[in-house]
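Each chain, written out:
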There are 2 protein chains.
Amino acid sequence: MQRKVFFTPGPAHLYPTFEKHLQTALDEQIGSISHRSKQFKAIYQYTVEQLRTLLAIPPQSAILFTGSATEIWERVLQSCVEKESFHLVNGAFSKRFYEFAAELGKKAIKQEAPFGQGFNTGQIHIPHSAELVCLTHNETSSGVSMPVEAMHQLKKDNPDTLFVVDIVSSAPYPALDYSLIDSSFFSVQKGFGMPAGLGVWIVNEKCLQKAESLKAKGLQIGTYHSLPSLWSKYTAYETPATPNVLSIYLLGKIAEDMNREGIASIRKQTEEKAALLYSFLEKSKLASVAVQNPQHRSQTVVVADVKQSSAEYLQDIAKTGNVVGSGYGSYKDKQIRIANFPANTTAQVEALIQVMQQLEA
Amino acid sequence: MQRKVFFTPGPAHLYPTFEKHLQTALDEQIGSISHRSKQFKAIYQYTVEQLRTLLAIPPQSAILFTGSATEIWERVLQSCVEKESFHLVNGAFSKRFYEFAAELGKKAIKQEAPFGQGFNTGQIHIPHSAELVCLTHNETSSGVSMPVEAMHQLKKDNPDTLFVVDIVSSAPYPALDYSLIDSSFFSVQKGFGMPAGLGVWIVNEKCLQKAESLKAKGLQIGTYHSLPSLWSKYTAYETPATPNVLSIYLLGKIAEDMNREGIASIRKQTEEKAALLYSFLEKSKLASVAVQNPQHRSQTVVVADVKQSSAEYLQDIAKTGNVVGSGYGSYKDKQIRIANFPANTTAQVEALIQVMQQLEA
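Here the structure is a predicted model, which means the values were calculated and not measured.

A. Spotlight on the packing of aromatic side chains. Within the structure shown, the criterion is met by 26 aromatic pairs over all chains. A centroid spacing of 5.2 Å and a plane angle of 85° characterise the contact between W73 of chain A and F100 of chain A, whose relative ring orientation is edge-to-face. With a gap of 27 residues between them, W73 of chain A in helix α3 (residues 69-80) and F100 of chain A in helix α4 (residues 92-103) connect regions that are remote in the sequence. Side by side, W73 of chain A and F100 of chain A carry an identical accessibility label, which is buried. Taken together, F40, Y44, F65, W231, Y234 and Y237 of chain A form an aromatic cluster joined through their ring pairs. Note that K334 of chain A overlies the ring of Y331 of chain A, its terminal NZ or CZ placed 5.7 Å from the centroid. The lysine or arginine in question, R297 of chain B, covers the ring of Y278 of chain B, its NZ or CZ lying 5.7 Å from the ring centre.

B. Broad picture of the sheet that holds strand β13 (residues 322-326) of chain B. Residues and elements named next belong to chain B. With mixed pairing, the five strands of this open sheet are ordered in space as β1-β13-β14-β12-β11. At either margin of the open sheet sits one strand with a lone partner, and together these are β1 (5-7) and β11 (287-289). The average angle at which neighbouring strand axes cross in this sheet is 35°, direction not considered. Two strands pair when backbone bridges link them, and β13 and strand β14 (residues 335-339) are joined in this way by two bridges, in the antiparallel orientation. Among the inter-strand pairings, S326 is bridged to a residue of β14, identified as I336. The sheet strands contacting helix α10 (residues 310-318) are β11, β12 (301-306), β13 and β14, and the helix crosses β13 at an angle near 165°. Strands β1, β13 and β14 of the sheet are contacted by helix α11 (residues 346-360), whose axis makes an angle of about 80° with β1.

C. Here's a closer look at the domain arrangement of chain A. Residue and element names in this part refer to chain A. The domain boundaries assigned to chain A delineate domain 1 (5-13 + 262-360) and domain 2 (18-260). Taken over C-alpha atoms, the centre of domain 1 sits 26 Å from the centre of domain 2. Counting residues at the interface gives 27 residues for domain 1, matched by 30 residues for domain 2. Between domain 1 and domain 2 lies a buried interface of about 2,200 Å² when both sides are counted; carbon and sulfur atoms form 58% of it.

D. How the structure looks around the relation of the copies chain B and chain A. When chain B is fitted to chain A, the best match, at an RMSD of 0.0 Å, comes from turning it 180° and sliding it 0.0 Å along the axis. In symmetry terms, the pair is related by a two-fold rotation axis. Within chain B, G67 of chain B has its C-alpha nearest the rotation axis, a separation of 2.4 Å. Most of the interface of chain B is mirrored in chain A, where 100% of its interface residues are also at the interface.

Reading the values: the criteria
- Residues numbered from 1 in each chain as written.
- Chains lettered and ligands numbered in written order.
- Predicted model: local features only at pLDDT ≥ 70, side-chain atom pairs only at ≥ 80, totals over all residues.
- Heavy atoms only, no water.
- Phe/Tyr/Trp six-rings, centres within 6.5 Å; stacked < 30°, edge-to-face > 60°.
- Helix = DSSP H or I, 4+ residues; strand = E, 2+ residues; numbered from the N terminus.
- Buried < 20%, exposed > 50% of the residue type's maximum accessible area, 1.4 Å probe, protein only.
- Lys NZ or Arg CZ within 6 Å of the ring centre and 35° of its normal.
- Pairing = 2+ DSSP bridges.
- Axes fitted to C-alpha atoms, helices over the stretch in contact; angles between N-to-C directions.
- Contact = heavy atoms within 4.5 Å.
- Domains from an automatic or database assignment.
- Buried area = accessible area lost by both parts, 1.4 Å probe.
- Least-squares fit on C-alpha atoms with pLDDT ≥ 70 in both.

Now the structure itself:
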């Protein structure tokens, strides 16, 4: 059976080399090895080294594994906030991150932009009392992105506040400066083209120190997946509980493939494919670019308003073997979301555009 | 390359049909489907139905998915304990469960038995103030098991207290009566013969009511993976965050295979294979059964004291392509642990015994 091409914003199309690496993992019986073995430690170390190279993560920052990126919302708030966090909210996911803080008993402060709009640095007011600034690089629900330079500038303006950036649906695209940004995180079922089931947390020593100070005060920061617990195991390339060993192995192999191609090339291709999609949408009769400000348009999740029902439009596209995402939440039937991850080749994007063009005829 | 046979207590040998189901999942592109799709809901429902049949779980109980069984230690304590939990501790894992309660700010009460020993029901004293009794059916570190009838009797003697049973390294073997036991949980990398990365939480409405009462009091019970959050999504066969979709699919398929064989047959085979192993150890010159009381000997993790260094012994066994587990923690070099999960066939167990017999010559 002909396989479909997924342009969904996660779970998404699997990376072209995924199945090859999975077969090797099966042959090497990675699914059965002990997470306390030397073999596992070597896998953890290898994946860390590949991710460091790919994302330019300095050796001082730890790379930790959880069950999902959603879990990291919870863990970073538990470990890095005693009283108050600050959130830029402009869609369903940045809002959920903000809500987590309140559910954990923190004072959560938000600055909100309407759905489909982004933030300009000059208009952002971070309270001095905020201990952690929570930014969402790429709001998966609306296709709005925050320029990396804007995030860097914000941190420069607030050097004593910890900054965490959600790069769930954009990694490995954003070139974050980890000498500035204290923490970021993603899950593997989006830009890395893997099945869901693993969260990756990049975090520096300032965050660890904060967590340890909260713990010393007798505050609850969680159990096995508190930052100090994860970090102390990480120093020996271990994990506090049995992790998704197979996915950690596969992530290392895919990151290695990405390094072979080169992150600069992957970023350039991402921008070229996004340009093709936006350029098509600007001329389309059935759909139009949803995000008005070109500076805030996501390069990895392209969102379009559709003139008629998106359900019908998506069905017509699906008949050709291409799966595009619907709008999110109340925008389900009014918008479509086209993922533009590294696993989607230029040829696939061009073929999708051709399909959409034919529907206009 | 000839593949090894794993007798390690988790991660463990993969179930014989695992690779076949994985190939089907790849062909059907399960790794790319949306966790909000009808296709995913059907998978969740299917896996629930297969597990209900296999473990005789009544329709009133929910079956929920987390990142690991370790996570469920944390979640069940957060959601079901306001002040006090009670724990039977007789090894590293039951002890860690107990420690989680203290780390979460609960008053954790324990009754402890020496390593390698179990509990007799007459000697267990559960305080009236305990809200949740935490039992470990099979202590993976020591190979000590608690008879199912003893757990049922304890609950009958304390009908108003919630009971949760850790069946991490014994499921699907123990025939728990879910009209008595309020909750249990396991991970898939042991008795179900899958790679790690999924925890399964079986939980009844009394636990949900308890969690809702704590929430109503304004207590923190977590965020996306609190019991009410997991349960409310479960009613539509959904999850609060993107779960390990692929593993949920594979678990359903393996549970289906187990149902085809029949749980009675699987339990009988487990006991027969365990009897072969214990019988060999009773005559062995190099090793001896570690758990003195035959009533407390695990049927799924057979632990033996070794006369000399276990490292050397395990290496000699490994040369034949069989991987047996070392002792746990301070018993690493003094004991060995032989997993006896459904994925290990009688022929494999017999072959292992033959290898060990030859080492005695």
